[in-house]
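Okay, here's what each chain looks like letter by letter:
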Amino acid sequence: METEETKSLNFIEHIIENDIAEGKHEKRVHTRFPPEPNGYLHIGHAKSICLNGGLAKKYNGKFNLRFDDTNPETEEVEYVNSIRNDVKWLGFQWNNEFNASDYFDQLYDYAVKLIEIGKAYVCSLTPEEVHEYRGNPTTPGKDSPDRNRSVVENLDLFTRMKNGEFCDGKYTLRAKIDMASTNMHFRDPALYRIRKKHHWKTGDKWNIYPMYDYAHGISDAIEGITHSICTLEFELHRPLYEWLNNTLETTHRPQQIEMSRLNITYTVMSKRKLMQLVNEKHVNGWDDPRMPTISGLRRRGYTPEAIRDFCERVGISKRENLIDASLLEFSVREDLNKKAPRFMGVLNPLKVVITNYPENQTEELEAVNNPEKPEDGSRKVPFSRELYIEQEDFMEVAEKKWFRLAPGAEVRLRYAYFITCQEFIKNENGKVMELRCTYDPASKGGNSPDGRKVKGTLHWVSAQHAITAEVRLYDRLFKTETPDKGEGDFKDLLNPDSMKVLTNTKLEPHMKTLTSGTSVQFERMGYFCVDKDTTKNHLVFNRTVTLKDTWAKESKK
RNA sequence: AGACCCAUGGUGUAAUGGUAGCACUGCACAUUUUGGUUGUGUAUGUCUAGGUUCGAGUCCUGGUGGGUUUACCA
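Small disclaimer: the values here were computed from a predicted structure and weren't measured. Here the residue index of a chain counts from 1 through its sequence in written order. Starting at A for chains and at 1 for ligands, labels are handed out in the order in which the entities are written. Only residues with pLDDT of at least 70 get local features here, since the model is predicted, and only at 80 or more are side-chain atom pairs given and counted; chain-wide, interface and lining totals rely on the full set of residues. Just so you know, side-chain values use all the structure's heavy atoms and leave hydrogens and water out.

1. Describing the pairing of strand E21 (residues 467-474)
Throughout, exposure labels follow a simple rule: accessible area from a 1.4 Å probe, protein chains only, divided by the maximum for the residue type, with under 20% read as buried, over 50% as exposed, and the rest as partly exposed. Where helices and strands are cited, they refer to DSSP runs of H or I of at least four residues and of E of at least two residues respectively, numbered from the N terminus. For E21, the tally of buried residues reaches seven of eight residues, placing the bulk of the element in the interior. By the bridge criterion, seven bridges tie E21 to strand E22 (residues 499-507) in an arrangement that is antiparallel. Bridge pairing links Ala469 to Thr505 in E22. As paired strands, E21 and strand E25 (residues 540-546) are joined by three bridges and run parallel to one another. Of the residues in E25, the one forming a bridge with Arg472 is Asn542. Two strands make a pair as long as DSSP finds a minimum of two bridges between them.

As structure tokens, this is what we get:
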């Protein structure tokens, strides 16, 4: 009998299971992901998608994608397409796709109803005056002079607002709640504003647009959403969310649940800041591999599986949190380790001549494609007299615990031979330009028949067979853990070395057939994926993440 | 300042009022034809003061610390 491990529940799952046990919401679970189409999705959104989509799946419920398009000034169809694409790529299929703008007619009717029952009025205060009248948390606000306008007059004015008779900003529709409430959102919040703007979906039909608070809760109710999950800053909006649905007596009464947003070290997570990085060209677009956007992570080589795993690991709670970037790296390494085929690629080539290897000889050596997946088989890699190895694999004077190449030292060339460094050649600047080594013909394949051990194994590539490629090495986007939290401009904290382009890397010949988007491991160096900038004659790789490097840590001591 | 929310190792997250666990990170060791992977071990934690209780990380009160809120953005 298999003992199924009972996984602990997060606080939202606790709520849902209680609700189901109590028969709330007819025991249904219906979630939604409600992005505003005014930017690209980032990893924080991924967390929300995984949560909402995952909850629906787990409790046999439904999951809606709803574009929260109530502000025609910032929203664009380009973003709509990228959002659909990103959600799908992450592995979530929504049951319904809606737009808040689908409900503009109903929303309008509800507003009329609010006016009719004396719970809303048309207000002529300017934004400055509204601010003045609102008071502050310790002092109550003042009633708008229009607060007691008659229902008839409100109805007339609201109709004329809709009909476009007034210019932008002339009037707003406000809920009539309580100007003395300690919750500022209860001090007669705006419900509608006049904006004579073209809307990407409804065109020029509307001259007035609903505010978020008004549209969101009602949209949830219309769709029969049961658990409306949002972030902590909406906590104070919840009473208004409930007031609206209760006052309007909507058929469904969804419950809003707030959780903390995702923060990760060395990056920023606000759409506004990401937009700035793009617009001011600090990065090369929304899908720059250094961006925490879903499209950026995808181009960097992150897999949907890795991102989902990460979102699972960070957990759900109501506390402020700052996730260590190494957790994201862990998730992608774990996934790619299982999947990525191995190749040998030399990032910074150092020429090696095997002096006792015949001049014109070439042989094909057998190399395993993925030690984690024996079923992936093996391939042949050409070997010849002149090779490239990694510059950092040779040290003129070996330090402690160094077991790579050094004068007189013997190492293994992976899947090839043992070689011993006999001499090295420097240029006039003292830089090592070439190594002259001898090989042990008996060690073919990488083992010596006499049982002799070597500590180091190096990757290599045959000089005459190698292909040249461009490799882009990425590092953290910012120099500090919390660029958000600094005093000055967060852009001053950008890491100037976040991208390093290598144009002369040498790869084993098989790699020329790799196509855009493919992830591979460069043995000993890391995981890389083929970038979309690749052309027939120009291969470009992005480094997704390095391998864990125990030596790098050791050498720093 | 008012209201609201939050407080568990370095980080994140668990624990019907009953043995504080898991993961990442760190460190050490073993294995290894990737200084990868894998395995083993180890370090560090319930903000504070009271109260309720046989028993409190959990419930109550005060304090402290952090967050949110005062847009015709979402």
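2. What to know about the nonpolar core
Here, nonpolar core means buried Ala, Val, Leu, Ile, Met, Phe, Trp, Tyr and Cys residues that are tied together by side-chain atoms lying within 4.5 Å of each other. Ile43, Val87, Leu262, Ile264, Ile307 and Phe310 are the most contacted members of the largest nonpolar core, which has 36 residues in total. Residues from two domains meet in this core; each of domain 1 (24-259) and domain 2 (271-341 + 469-556) gives at least three. Setting aside residues up to four positions removed in sequence, Phe310 forms contacts with Ile43, Leu262, Ile264, Ile323, Leu327, Leu328 and Ser331. Ranked by size, the runner-up nonpolar core spans 33 residues in total, among them Tyr108, Leu114, Ile177 and Trp243. Domain delimitation in this document rests on an assignment produced automatically or drawn from a domain database. The contact definition used throughout considers only heavy atoms, calling two residues in contact when any of these lie within 4.5 Å.

3. Overview of the protein's contact with RNA strand B
Here, proximity means that at least one heavy atom of the residue falls within 4 Å of the molecule or strand. Taken together, 73 residues lie near RNA strand B, and Ser317, Arg319, Arg404, Gly445 and Thr550 sit nearest. Counting only the atoms of RNA strand B within 4 Å of the protein, the fraction contributed by sugar and phosphate is 68%. Note that a sugar or linking oxygen of RNA strand B is positioned 3.4 Å from one of the side-chain N or O atoms of Glu235. Looking at the surface near RNA strand B, the elements that each hand over two or more residues are helix H5 (127-134), strand E6 (190-194), helix H11 (304-314), helix H12 (325-339) and helix H13 (550-556). Here the residues of the surface near RNA strand B sort into 23 nonpolar, 26 polar and 24 charged. N or O atoms within 3.5 Å of each other form a polar contact, as long as, within protein, one can give a hydrogen and the other can take it, and as long as residues adjacent in sequence are counted only when both atoms are side-chain atoms. Put simply, Ala, Val, Leu, Ile, Met, Phe, Trp, Tyr, Cys and Pro go in the nonpolar bin, Asp, Glu, Lys and Arg in the charged bin, and everything else, Gly too, in the polar bin.

4. Section: the sheet that holds strand E15 (residues 386-390)
Here seven strands make up an open sheet; going across it, the order is E19-E16-E17-E18-E12-E15-E20 and the pairing mixed. Only two strands of the sheet have a single neighbouring strand rather than two, namely strand E19 (457-458) and strand E20 (460-462). Bridge count between strand E16 (residues 410-413) and strand E17 (residues 418-426): three bridges; the pairing is antiparallel. Looking at E17, one finds that Arg412 is bridged to Phe418.

5. Description of the pattern of salt bridges
Note on pairing: side chains with opposite charge can pair once their charged atoms come close. When a carboxyl oxygen of Asp or Glu is within 4 Å of a side-chain nitrogen of Lys or Arg, the pair counts as a salt bridge. Tallied over the full model, the rule gives 53 salt bridges. In this structure, Asp105 and Lys205 form a salt bridge, with 3.0 Å as the shortest nitrogen-oxygen distance. A residue pair is termed long-range when its members are at least 10 positions apart, and Asp105 in helix H4 (residues 104-116) and Lys205 in the loop between E6 and strand E7 (208-210) qualify at 100 residues. The exposure class of Asp105 is partly exposed, given its relative accessible area of 41%. In this structure, a network of salt bridges that share partners links the residues Asp287, Arg299, Glu470, Arg472, Asp531, Lys532 and Asp533.

6. Remarks on the pairing of strand E9 (residues 255-259)
When you tally the buried positions in E9, you get five out of five residues, the bulk of the element. Both faces of E9 are covered, namely the face carrying Gln255, Ile257 and Met259 and the face carrying Gln256 and Glu258.

7. Points about the domain arrangement of chain A
Assigned domains of chain A: these are domain 1 (24-259), domain 2 (271-341 + 469-556) and domain 3 (345-459). Centre-to-centre separation of domain 1 and domain 2, based on C-alpha positions: 36 Å. Counting residues at the interface gives 23 residues for domain 1 and 24 residues for domain 2. As used here, buried area is the combined drop in accessible area, with a 1.4 Å probe, of two parts when they are placed together. The three residues of domain 1 that bury the most area against domain 2 are Tyr40, Ile43 and Trp89, which together make up 33% of that side's buried surface. Counting across the interface, domain 1 meets domain 2 through three salt bridges. Lys318 is the salt-bridge partner of Glu235, the closest N and O atoms lying 2.9 Å from each other. Along the contact surface separating domain 1 from domain 2 lie eight residue pairs in polar contact (both at pLDDT 80 or more). For the side of domain 1 that touches domain 2, the leading source of residues is helix H2 (residues 43-58), giving six residues. The residue makeup of the side of domain 1 that touches domain 2, split by class, is twelve nonpolar, six polar and five charged.

8. Digging into unusual backbone geometry
The backbone phi angle of Glu249 is positive, close to 50 degrees, even though this residue is not glycine. Tracing the chain through its elements places Glu249 in the loop between helix H8 (238-247) and E9.

9. Observations regarding the packing of H4 against helix H6 (residues 151-162)
Here the axes come from fitting lines to C-alpha atoms, over the contacting stretch only for helices, and the angles between their N-to-C directions go from 0 to 180 degrees. Axis separation between H4 and H6 bottoms out at 9 Å; the angle between their running directions is 160 degrees. The angle between H4 and H6 falls in the class roughly antiparallel. Both H4 and H6 take part in a crossing whose hand is right-handed. Contacts between H4 and H6 involve Tyr108, Ala111, Val112, Ile115 and Glu116 on the former and, on the latter, Val151, Asn154, Leu155, Phe158, Thr159 and Lys162. In terms of residue class, the contact of H4 with H6 is built from seven nonpolar, two polar and two charged. Note that the term roughly parallel is reserved for angles under 35 degrees, roughly antiparallel for angles over 145, roughly perpendicular for angles of 65 to 115, and oblique for everything else. Handedness of a crossing is defined here by the sense of rotation of the near helix relative to the far one, left-handed for an anticlockwise turn of less than a right angle and right-handed for a clockwise turn.

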